[in-house]
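One-letter residues, chain by chain:
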Amino acid sequence: MRATSRTPSGLRLCTAAGLAGSLLLAGACASTPPAPTRSLDSARTAVTNAEKAEAGRYAAVELGEAREKLASADSAVVAKNMVGAERLADQARVEAELASARTEMAKAVAVNKEMALGGDALNEEMQRAGDKQ
């Protein structure tokens, strides 16, 4: 008879322990993940680099998009939407890198045009000098 009376209390103890463990697990899953500081820092660095490269002059649309997405990522962190914040920070970094790449391309095109004009001017001078002789 004693064995029968111990079983229900042992069962209750196991059930209570299982319930407590389940609650702890559910609480751990529901907690907010940490802020995506690496993604945010990478995005900030990419925006700063794009600004230094004069992307505002050559790729203003892309730089503006990067700034907006970075601001949205910061707002998402404040709202504790860390998954969204990381996604927006990554998008901001990509937009800033695109702005930098377009800026470099525009600068290279400008240098090529300048060199072509210089070459044309040099050819004209050589022809004039040849005509005088």
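Our structure's up above, just so we're on the same page.
All of these numbers come straight from a predicted model, not from anything done at the bench.

Undergrad: Just to check I follow, could you spell out the pattern of salt bridges for this structure?
TA: A pair can form between side chains of opposite charge whenever their charged atoms are brought close. Taken as a whole, this structure holds seven salt bridges when the rule is applied. With a closest N to O distance of 2.9 Å, Arg67 and Glu51 form a salt bridge. Here Arg67, found in helix α4 (residues 60-78), pairs with Glu51, found in helix α2 (residues 37-52); they are 16 residues apart in sequence, far enough to count as distant. Taking relative accessible area as the criterion, Arg67 reaches 43% and is therefore assigned partly exposed. With relative accessibility at 37%, the residue Glu51 sits in the partly exposed group. Note that Arg102 is salt-bridged to Glu62, the shortest N-O span being 2.3 Å. Linking Arg102 in helix α5 (residues 82-132) with Glu62 in helix α4, this pair joins segments that are 40 residues apart in sequence. Residue classification places Arg102 among the partly exposed residues on the basis of a relative accessible area of 40%.

Undergrad: Would you mind going over the nonpolar core with me for this structure?
TA: As a rule of thumb, soluble globular proteins bury nonpolar side chains together. Grouped together as the largest cluster of nonpolar side chains are 18 residues, with contacts concentrated most on Val47, Leu63, Leu70 and Ala99. Beyond its immediate sequence surroundings of up to four residues, Val47 is in contact with Leu63, Ala66, Arg67, Leu70 and Ala96.

Undergrad: Sorry, what's going on with the packing of α2 against α4 here?
TA: Axis angle and axis distance: for two packed helices, these are the angle between their axes and the distance between the axes, and together they describe the pair. Between α2 and α4, whose axes approach to 10 Å, the crossing angle comes to 155°. The orientation of α2 with respect to α4, classified from their angle, is roughly antiparallel. Like other packed secondary-structure pairs, α2 and α4 cross with a definite hand, here left-handed. Contacts between α2 and α4 involve Leu40, Ala43, Arg44, Val47, Ala50 and Glu51 from the former and Leu63, Ala66, Arg67, Leu70, Ala73, Asp74 and Val77 from the latter. Of the residues in the contact of α2 with α4, the class split is nine nonpolar, no polar and four charged.

Cut-off values and rules
- Every chain's residues receive numbers from 1 upward, in the order its sequence appears when written.
- Given that the model is predicted, a residue must reach a pLDDT of at least 70 before its local features are reported, and side-chain atom pairs must reach 80 or more before they are shown or counted; all residues, however, enter totals for whole chains, interfaces and linings.
- The side-chain quantities take in all heavy atoms of the structure and omit both hydrogens and water.
- By salt bridge we mean one thing: a side-chain nitrogen of Lys or Arg within 4 Å of a carboxyl oxygen of Asp or Glu.
- Runs of E in the DSSP output that reach at least two residues are strands. Runs of H or I that reach at least four are helices, and both are numbered from the N terminus.
- Burial classification: accessible surface area is computed with a 1.4 Å probe over protein chains only, and a residue below 20% of its type maximum counts as buried, one above 50% as exposed, and the rest as partly exposed.
- What we call a nonpolar core is a set of buried Ala, Val, Leu, Ile, Met, Phe, Trp, Tyr and Cys residues that are connected through their side-chain atoms within 4.5 Å.
- We call two residues in contact when some of their heavy atoms are within 4.5 Å.
- Axis geometry follows a simple rule: fit a line to the C-alpha atoms, using only the stretch in contact for helices, then measure angles between N-to-C directions, giving values from 0 to 180 degrees.
- Between 65 and 115 degrees an angle is taken as roughly perpendicular, under 35 as roughly parallel, over 145 as roughly antiparallel, and anywhere else as oblique.
- We call a crossing left-handed when the near helix sits turned anticlockwise from the far one by less than a right angle, and right-handed when that turn is clockwise.
- In this classification, Asp, Glu, Lys and Arg are treated as charged, Ala, Val, Leu, Ile, Met, Phe, Trp, Tyr, Cys and Pro as nonpolar, and every other residue, Gly included, as polar.

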